Amino acid sequence: MEKELNKIVQFIRELYKQPEGFIPLHAPVFAGNEKKYLNECIDTTFVSSVGKFVDQFEIEIAKYTGAKNAVSVVNGTNALHLALKLVGVKAGDEVITQALTFIATANAISYCDAKPVFLDVDKDTMGLSPKALLHFLETETEQKPDGCYNIKTKRRIAACVPMHTFGHPCRIDEIEEICAKYNIELVEDAAESLGSSFSGQHTGTFGKIGVLSFNGNKVITTGGGGMLLFNDEKLAQKAKHLTTQAKVPHAWEFVHDEIGYNYRMPNINAALGVAQLENLAEFVKSKRQIAQEYARFFSAADLNITFFTEPINAKANYWLNLLILEDRKSRDQFLEYTNAKGVMTRPVWELMNNLPMFKDCQLGDLSNAEWLADRVVNIPSSVIL
Ligand SMILES: *Cc1c(COP(=O)(O)O)cnc(C)c1O
């Protein structure tokens, strides 16, 4: 095993042209107008929550993704919180999501005082399984005039939040159809999938709202930041209102017409975003090339290790590349060896249903999520320019 692992470490070192030193999982690249735009913020004093970069970033993200409107916020987690609120998730409701996801998805549901229901993912997308979703809705729910109800818990199932794991689009077309049939609002956690599309349509634009993140390790970064994507202009206006403390627009009066939030993205973050966005096409191209190199290496290497490639009908941004190892023991060996050699790798997140806060949540059969959690490792995926 050690000889094989050494071969992998050497390959990654050659790929990143870094014969020694630490190779991170994902480092941001600032190769464009970042400094110029940041200086402009400081020179004009527009560093805070209004400024031309905020408007520009929103317009350009909408254009890039094909969404009708985009509203920027301070991070992806509160983008999810706001999205759930906007589609009508209320205290006591339930929200369906996948057990294999980053904690932000489940936390955002909790911020609404709603309860997550954790369902399985597909092995070939790592995103919510439409089969699992349909099975749960067919067997566990009933329709009432005001929506879909969980027969066991008597709670309303207000929304469904699939996630496009590591930038690989899930079967979002089928999920969209099922949600529509069962009167459940669809919110897409597209935090990891800027630059990924399904059947030619950008992820995050299938649901009523889609959510992006610009955290430091995402495809592009604003330091911290998030975005909501809309096809409904009225809902986008409502989002802007809520992120602005629900302040009624007026030249000097301070009147607020509901409980709002201070969730707006500052101009300096948006300045970084505008500069990063100018290079997004290059970034995605580079990431897809890196994935190709990995795919070639692992298919030739005869190692009992599978390099995960994009699902059918999908074009992935390959945000974080991943391998599927033989079992949990070889996964742990892999993690131990590569990290000791200065090549950063990591396992997938602990499944949400195993965390203490979510121990009593309702679950579907989670065979695929458990299978993947035992075997998946992420490997270095930074852009190479
Ligand atoms: C990064 C991420 C988020 C949001 O993260 P922030 O750090 O709050 O921007 C949400 N969901 C998933 C799946 C993510 O990977």
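Use the structure listed above.
Quick summary incoming for the structure in this document. (Residues numbered from 1 in each chain as written. Predicted model: local features only at pLDDT ≥ 70, side-chain atom pairs only at ≥ 80, totals over all residues. Heavy atoms only, no water.)

Note: strand 4 (residues 141-144) against strand 5 (residues 147-150), 4 bridges, orientation antiparallel. In the sheet register, Q143 faces strand 5, and the bridge partner there is C148. Between the antiparallel neighbours strand 4 and strand 5 lie 2 residues. Bridge analysis of strand 5 against strand 6 (residues 156-161) gives 2 bridges, and the strand direction is antiparallel. Across the sheet, residue C148 finds its bridge partner in strand 6, namely I157. Connecting the antiparallel pair strand 5 and strand 6 is a turn made up of 5 residues, with K154 showing a positive phi of about 65°. (Pairing = 2+ DSSP bridges. Helix = DSSP H or I, 4+ residues; strand = E, 2+ residues; numbered from the N terminus.)

Moving on, we get to the pattern of salt bridges. In this structure the tally under the stated criterion is 12 salt bridges. D124 is the salt-bridge partner of R171, the closest N and O atoms lying 2.6 Å from each other. In this pair, R171 is assigned in the loop between strand 6 and helix 7 (172-181) and D124 in the loop between strand 3 (115-119) and helix 6 (130-140), connecting sequence segments 47 residues apart. The partner of R331 in a salt bridge is D332, with the nearest N and O atoms 3.0 Å apart. You can call R331 buried: its relative accessible area is 7%. Assessed through its relative accessible area of 33%, D332 is described here as partly exposed. Beyond isolated ion pairs, a larger network of salt bridges with shared partners links D122, D124 and R171. (Salt bridge = Lys/Arg side-chain N within 4 Å of Asp/Glu carboxyl O. Buried < 20%, exposed > 50% of the residue type's maximum accessible area, 1.4 Å probe, protein only.)

It is worth stressing that arrangement in space is one thing and function is another; only the former is reported here.
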